[in-house]
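Tertiary structure, described
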There are 2 protein chains.
Amino acid sequence: MYDRIKGFSDVYPPEMAAHREVIDTVEGVAAGYGFREISTPALEETKLYVDKSGEEIVEELYSFEDKGGRHVSMTPELTPTVARMVVAKQQELSKPIKWMSTRPFWRYEEPQQGRFREFYQTNVDIFGSAEPVADAEILGVAADSLVALGLEAADFDFRVSHRDVLSGILDSFDTDVDVGDAIRTVDKREKIDHDEYVDGMVAAGLDPDHVARFDELLAFESDELDELGAATGSERVADAVENLQAVLAAAEDLGVREYCTVSLDTARGLDYYTGVVFECFDATGDVSRAVFGGGRYDDLIESFGGQPTPAVGVAPGVMNSTLPLLLKRAGVWPDEAISTDYYILQVGDTRAVAARIACDLRESGHVVESDIADRSFGSQLGYADSINAETVVIVGENDLANDEVTVKDMESGDETTAPVDEFPGDVERPTYADFA
Amino acid sequence: MYDRIKGFSDVYPPEMAAHREVIDTVEGVAAGYGFREISTPALEETKLYVDKSGEEIVEELYSFEDKGGRHVSMTPELTPTVARMVVAKQQELSKPIKWMSTRPFWRYEEPQQGRFREFYQTNVDIFGSAEPVADAEILGVAADSLVALGLEAADFDFRVSHRDVLSGILDSFDTDVDVGDAIRTVDKREKIDHDEYVDGMVAAGLDPDHVARFDELLAFESDELDELGAATGSERVADAVENLQAVLAAAEDLGVREYCTVSLDTARGLDYYTGVVFECFDATGDVSRAVFGGGRYDDLIESFGGQPTPAVGVAPGVMNSTLPLLLKRAGVWPDEAISTDYYILQVGDTRAVAARIACDLRESGHVVESDIADRSFGSQLGYADSINAETVVIVGENDLANDEVTVKDMESGDETTAPVDEFPGDVERPTYADFA
């Protein structure tokens, strides 16, 4: 009768259990690095996005006029919001600022595999440090998260680049290039054919010879980076290479250098990046699009009216996104199953005792269900099985007449009796084995 | 330069730490009862709300037409969404269904203390049981959550009523009453003056004598409930009273009867309620509005095109809501502070060793920060203090020359040295005391 909206997801408990494990893992890694949770609005003024990206961005936004005449948009990403929040409290906040949060974002794009109109990201950002070790810490959170999820070096690859290498090379051609247009074209290169790429670069102001030379330079690998400054004659490129190498050295100290490949044609689409940028890819290529990405955006805070504040961040898409495709491809997607510690099965009028036992077990932190639908023995046992209950405690009138309950292990089917007054007793997690 | 939108909140880390503790507590209690997490869309078709509540509801919604011409609304509450989800998979879902989720909702209302245009609720619902013990379990989750947050019986009061008592009494007057209008008027009674209340009831079809009699009957307390059937001559009222008493008896078994007061003039504003309803109030009256509420809505699933499916639920507002006001009034609001287990302080070129120690401590599950901004000793120590670091590990060039690090307790200021190769070693959570 009513349908969910195209590109939006209803996530039911078994599938959500897997997503929750992914989210908890990523948040746990970020928390270990000292990133602190914030909460942010779902709506921002539309001009927050239009000022940076132009009117055409509105086509991709859920934007509208609210009842008070405000032009607002459902947030398509977090970076402008956190930049606004840093500016709003820049005097009070002690630096470096390390923030994280997990929440939905919305973009009016055509849904496809791994792309939804509503998707969840865990955003992890550092404000107030221009040091390479800050970039490395962002790479560390991202790589440690994937490893904690069960991925190995053979599964994924961080393609690492530097915006100033790209723009430095473009500037070195000494022609009138629109650097933003050129970088957006580089970002699309893998998705379009070569002629279209060259046409785009020419439209941005390069001549075809420049494009060929540009492509040669972008193909420089890790061990050739030192030559790039000389090859371009650009001090800016040389400085960017030095910064990129310092970031990779700091990543080595954090144990995550092995997940990084220098890949200078990795551009990232968004305009606000300024330094190191990176994208995570499926190393096998089965998942063909970037899984997620991040990078440095040192100018954004100032452009929002704040004091100059360097910044770097990453945003793994943790639900309704590409990351689950990678985890499934690699065979490490968590079980889509709910778990239950105890089901308290009532037979006859035993509710008061059953409720007491359930309350005691819950107080010890266990997940405990009991009959709330006045059902038969068999129906309750079937339900206990359907929720993957480990132990069923049968509270029957006959047992209670003997001051006993029955403790049943649902894996083996074995059961035994236990004195009702000693259940759960002092045992932390009483099972069949404690009473057999 | 950019402002957040009126009625929306930016929540920074210290305050968020308190909110997170509240959310985790409520979710932990619900998880203990076997409620399973779901994830739900932020947008629904506007007709999902209009069909139930009429066109006037749109005035309170963030509703708009999306780029595809769909009339959509940012969800103002979860109940219609979960009803839609139950209908969508009614054949597959084993009953009873027990779902929970924490997420924001949006209503275009005038902000006031404890009321925001974006607010977070933890929704807890049972589908597929009409038994009083299901209602009691919802009361149990709500009361246990508040107790787990530190509240006591003297702090809060669940005012419990029954929709069929209200509508049964109204019907018993044998006059042409608009029951929905009358119940909405009862719901507003505490917020409007008495004349306005009487006018509203008369407009709904009662004459003033009926209103007076109605008010007398609503004043019946717990120990007078048995007389209510006879006093109204209504079997429907008698049945409702019996159901209400059965719910309270089941709540007694769960240990939460003491938090409930029979209060027949508690109506709940929403149309879809059918049975027991309740609202949580500050027992001291300092927080004057209802903190949250819940109840039974047995007809909603069927009205959405599903098989008849009884349902009952509650939705504590866990952030940007009234609950924090109650917790603050009672003096149990969690500390608004971040915590940090270790700060690894670097002096000189010691990054590799500092990074190794930080990684090892993180692997044991600790929150560990280190220098990412190339700062002085004093500046690092000040930062470590600002993030409430318990232990500072100083990794200095001189110490390392002696194969040592310094372990400093930030509470006492005491410090001692530890062999660098044995730090952290096998100790789960090494502190000053382990090496002094």
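Before going into details, it helps to say that this report is about the structure given with it. Every value quoted in this text rests on a predicted model; they were computed, and no experiment measured them.

Let's shift gears to the packing of helix α4 (residues 132–148) of chain B against helix α10 (residues 235–253) of chain B. All names here are of chain B. Look at α4 against α10: their axes get within 8 Å of each other, and the N-to-C directions meet at 55 degrees. When the interaxial angle is binned, α4 and α10 end up oblique. The chirality of how α4 crosses α10 is right-handed. Contacts between α4 and α10 involve Pro132, Val133, Asp135, Ala136, Leu139 and Gly140 on the former and, on the latter, Asn243, Ala246, Val247, Ala250 and Ala251. In terms of residue class, the contact of α4 with α10 is made up of 8 nonpolar, 2 polar and 1 charged.

With that settled, consider the relation of the copies chain B and chain A. Of the transformation placing chain B onto chain A, the axial shift is 0.0 Å and the rotation is 180 degrees, giving an RMSD of 0.1 Å. Those values place the two copies in the arrangement expected of a two-fold rotation axis. Measuring from the rotation axis to each C-alpha of chain B, the shortest distance belongs to Phe64 of chain B, at 3.2 Å. Of the interface residues in chain B, 99% have counterparts in chain A that sit at the interface too, so the contact is made through matching surfaces.

A few words now on helix α5 (residues 163–172) of chain A. All names here are of chain A. Of all 10 residues in α5, 8 are buried; the element is thus mostly enclosed. Inspection of α5 places Arg163, Asp164, Val165, Leu166, Ser167, Gly168, Ile169 and Leu170 among the buried residues, and these make up the whole buried set. Among the structural elements, β7 (156–162), α6 (179–188), α8 (208–218), α9 (228–232), α10 (235–253) and β9 (276–282) are those in contact with the buried residues of α5.

Take unusual backbone geometry next. With omega at -5 degrees, the peptide bond leading from Lys95 of chain B into Pro96 of chain B counts as cis. Along the polypeptide, Pro96 of chain B turns up in the loop between α3 (79–88) and β5 (97–106). With an omega of 0 degrees, the peptide bond between Phe423 of chain B and Pro424 of chain B qualifies as cis. Within the element layout of this structure, Pro424 of chain B appears in the loop between β17 (415–419) and α16 (432–435). The residue Asp174 of chain A is not glycine, and still its phi comes out positive at about 60 degrees. Tracing the backbone shows Asp174 of chain A in the loop between α5 and α6. Even without being glycine, Asp374 of chain A reaches a positive phi, approximately 50 degrees.

Calculation notes
Counting restarts for each chain, with residues numbered from 1 along the sequence as it is written. Think of it this way: whatever chain is written first is A, whatever ligand is written first is 1, and the rest follow in order. Local features in a predicted model are, by the rule used here, given only for residues with pLDDT of at least 70; side-chain atom pairs are given and counted only at 80 or more, and totals for whole chains, interfaces and linings are based on all residues. Only C-alpha atoms enter the line fits that serve as axes; for helices the fit covers just the stretch in contact. Angles between N-to-C directions range over 0 to 180 degrees. Strands here are runs of E lasting at least two residues and helices are runs of H or I lasting at least four, both read from the DSSP assignment and numbered beginning at the N terminus. Just so you know how the angles are binned, under 35 degrees is roughly parallel, over 145 roughly antiparallel, 65 to 115 roughly perpendicular, and the rest oblique. Put simply, a crossing is left-handed when the front helix is turned counterclockwise from the back one by less than a right angle, and right-handed when it is turned clockwise. We call two residues in contact if the C-beta atoms placed from their backbones are at most 7 Å apart. Asp, Glu, Lys and Arg are counted as charged, while Ala, Val, Leu, Ile, Met, Phe, Trp, Tyr, Cys and Pro are counted as nonpolar; the rest, among them Gly, fall into the polar class. Least squares is the method used to superpose the copies, on C-alpha atoms of residues holding a pLDDT of at least 70 in both. Using C-beta atoms placed from the backbone, we call a residue buried if 20 or more other C-beta atoms fall within 10 Å of its own, exposed if 12 or fewer do, and partly exposed for counts in between.

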